[in-house]
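Below, each chain spelled out in residue letters.
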Amino acid sequence: MATLELRNVNKTYGSGLPDTLKDIQLSIKDGEFLILVGPSGCGKSTLMNCIAGLEQITGGAILIDEQDVSGMSPKDRDIAMVFQSYALYPTMSVRENIEFGLKIRKMPQAAIDEEVARVAKLLQIEHLLSRKPAQLSGGQQQRVAMGRALARRPKIYLFDEPLSNLDAKLRVEMRTEMKLMHQRLKTTTVYVTHDQIEAMTLGDKVAVMKDGIIQQFGTPQQIYNDPANQFVASFIGSPPMNFIPVRLARQDGRLLALLDSGQARCELPLGVAGAELDGREIILGIRPEQIALGTGEGNGLPGIRADVQVTEPTGPDLLVFVTLNQTKVCCRLAPDVACKVGDSLNLQFDPARVLLFDAASGERLSLDTANASVKDNVTHFKSR
Amino acid sequence: MHSPAEKPALSISRIAIHAVLLIAVLLYLVPLVVMLLTSFKTPEDISSGNLLSWPTVVSGVGWVKAWGTVNGYFWNSIMITVPAVLISTAIGALNGYVLSMWRFRGSQLFFGLLLFGCFLPFQTVLLPASFTLGKLGLASTTSGLVLVHVVYGLAFTTLFFRNFYVSIPDALVKAARLDGAGFFTIFRCIILPMSTPIIMVCLIWQFTQIWNDFLFGVVFASGDSQPITVALNNLVNTSTGAKEYNVDMAAAMIAGLPTLLVYVVAGKYFVRGLTAGAVKG
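Since we're looking at a predicted model, the values are computed, not measured. (Residues numbered from 1 in each chain as written. Chains lettered and ligands numbered in written order. Predicted model: local features only at pLDDT ≥ 70, side-chain atom pairs only at ≥ 80, totals over all residues.)

(A) Region of interest: helix α5 (residues 168-185) of chain A. Under the 1.5 Å per step criterion, the end-to-end length of α5 of chain A is 26 Å for 18 residues, consistent within 8% with the ideal 26 Å. Directly after α5 of chain A, the chain includes Lys186 of chain A, whose backbone phi takes a positive value near 55°. (Helix = DSSP H or I, 4+ residues; strand = E, 2+ residues; numbered from the N terminus. Expected span 1.5 Å × (residues − 1).)

(B) Spatial organisation of the interface of chain B and chain A. Contacts between chain B and chain A engage 14 residues on the former and 17 residues on the latter. Those elements that provide at least two residues to the side of chain B that touches chain A are α7 (170-178) and α8 (183-191) of chain B. It is α7 of chain B that provides the largest number of residues to the side of chain B that touches chain A, a total of 6 residues. (Contact = placed C-beta atoms within 7 Å.)

(C) Geometry of the UniProt feature "domain: ABC transporter" (unreviewed entry) in chain A. In the UniProt entry, the feature "domain: ABC transporter" (unreviewed entry) is given for residues 4-236 of chain A. Helix makes up 37% of residues 4-236 of chain A and strand 24%, with an end-to-end C-alpha separation of 24 Å. (UniProt positions renumbered as here; feature names shortened; annotations may be inferred.)

(D) Examining the UniProt feature "transmembrane region" (unreviewed entry) in chain B more closely. Residue and element names in this part refer to chain B. Listed under "transmembrane region" (unreviewed entry) in the UniProt record, and renumbered for this structure, are residues 15-37, 49-67, 73-97, 109-131, 143-165, 186-207 and 249-271. The span residues 109-131 is 91% helix and 0% strand, and its two end C-alpha atoms sit 27 Å from each other. In residues 186-207, helix accounts for 82% and strand for 0%; the two terminal C-alpha atoms are 28 Å from one another.

(E) Representation of the domain arrangement of chain A in the model. Residues and elements named next belong to chain A. Domain annotation for chain A reports domain 1 (4-235) and domain 2 (242-383). For domain 1 versus domain 2, the separation of C-alpha centres amounts to 39 Å. Listed as interface residues are 6 residues of domain 1 and, on the opposing side, 8 residues of domain 2. Residue composition of the side of domain 1 that touches domain 2, by class: 4 nonpolar, 2 polar and no charged. (Domains from an automatic or database assignment. Nonpolar A, V, L, I, M, F, W, Y, C, P; charged D, E, K, R; others polar.)

(F) Structural detail: the sheet that holds strand β15 (residues 291-293) of chain A. All names here are of chain A. Within the open sheet, the 3 strands sit side by side as β15-β20-β16. Their pairing is antiparallel. In this open sheet, the two strands that pair with only one neighbour each are β15 and β16 (303-307). For this sheet, the mean angle separating the axes of adjacent strands, direction not counted, is 40°. Across 5 bridges, β16 lies against strand β20 (residues 344-349) in antiparallel orientation. Counterpart to Arg305 in the pairing with β20 is Asn346. (Pairing = 2+ DSSP bridges. Axes fitted to C-alpha atoms, helices over the stretch in contact; angles between N-to-C directions.)

(G) Structural detail: the nonpolar core. Grouped together as the largest cluster of nonpolar side chains are 149 residues, with contacts concentrated most on Ile35, Leu36, Met81, Leu158, Val190, Ala207 and Leu284 of chain A. Top element by residues in this core is helix α6 (residues 142-165) of chain B. It accounts for 13 residues. Residues in contact with Val190 of chain A, not counting those within four places in the same chain, are Leu4, Leu34, Leu36, Met48, Ile51, Ile156 and Leu158 of chain A. Core analysis: the second largest hydrophobic core is formed by 15 residues, Ala66, Leu232, Ala251 and Ile254 of chain B among them. (Core = buried A, V, L, I, M, F, W, Y, C linked by C-beta atoms within 7 Å. Buried ≥ 20, exposed ≤ 12 C-beta atoms within 10 Å, placed from the backbone.)

In structure tokens form, the structure reads like this:
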């Protein structure tokens, strides 16, 4: 049970080399579940190794329970880690694997037996205790690896892509189980993954990383609904957000985004802004689930008619691909929508949920649509 | 791949392969057969028959006489080989562990330089080694010879263990460190128990090398402390009296038996250990 705080953590593997981690700054409360997510090579595993003490940071500080542990060796930090490869000791039985850390910490044998029994019961691996890791399936090995971490009752758990070696079905099962486990044990956890569904479902807090920099740190809902930039928006969500290049037009002090499906055109009202944005190219971000069927006549939402190019029925959804502004756009529709390739569909968007990104930097552009009428003729574009 | 249950068809190519293998086996076995047959013959038998003829009387005289001549040197060889093999394997294991799992700045360079040791011919180290042994006061002693063998063998044993250990995932060591284990605890409890195949390779390799060594033995040991290879040479090369081929052959068999024994006992690990390193490394 502990808080974890990272203050301006830097890591480089030598002067002249690019920083592997750059000014990492985040903190989580006691019992929170933090997800580090990002593409491979983004530094998330390095950051985890730094928290564990397996690698030394070159700047900043790591605090556990407000105590600076930056210079401490891994064993003094009271941290347990589950590795992607499980890293079970191959020559030891499951019981010996779980006991190893406790024996080294010189716990009396009676207490060790009790602890092994507790963990084995919790993870339902009692019948496996005398087996060797090679005799276990992937899912069982995963449980044992978790058992080894749980047995120590450390301040913080670290999970390094623990589910990525499992098959799809087992991965979903174990994901739910991990969530249940965390709800029961309430231990501060840091969890590295490249799987955005794990990030969304497991985490209390999510840190999206790229190139050693935290792109955004917040709750899963914040990350999903209010991404800081185009990278975060594209990384979280499946199927990913559509990014449509649009040209802005200004009419009566209000900005319009021009959409063209080849057979129809549509003007998407975005809000108010100054004249300097008139004619500028930006990126419009729309999630597939935010595109709906409808002409927009009943609710006043802007709509456009477009040709269906590909359909992908996934079971719960029907993914329909159309072309807007020469860009392939995915729409997530109800599975009972009757449409086939070549059909035309009326699609409508809610302008309030559309996100705008700078075409060059990918930074989020924020437009004050809510107060559009009051703040008319005022520039509300701000770069975040 | 054929499953063990279904028998491969007896084709011409298969017969040819087996024939070639059989011939190769016979060729390799001939010297051993000749040695064994000759060692059990009487001197008269040897001079009258040919090399491959069966002994008319099976006689153990050659063996008894050979053992009487070389047995002291046989024990010398044991006293030299056993400690040298054990020490060089132990240090090699530790070296390999450090060079693969606890890399330090320059460890690759260090390993590269160490590898040069594998390419050094025995002859080049004779003078420096002799000089060093003299300075250490170990000249012409068994300990001195052990030391030379250990130092010379380290390059090989380190290479074996290092190449075996690089195929062990780093995560094991990381997990053990988080469990609170230190450098030697990890080595003793995690790494060594996994090392059986490569330990066997090392033992066989070192045993064969050191037991069969002649040059270091003849240079660094003298008189009664000489190893059996030197004694065998002295026995065979005596110029006085009639050549006792049965004694020579029996002595050669005695000199060769321990290595044969080691291969028979630990041989299955040899191939396993070599391939384990080769495939994953």
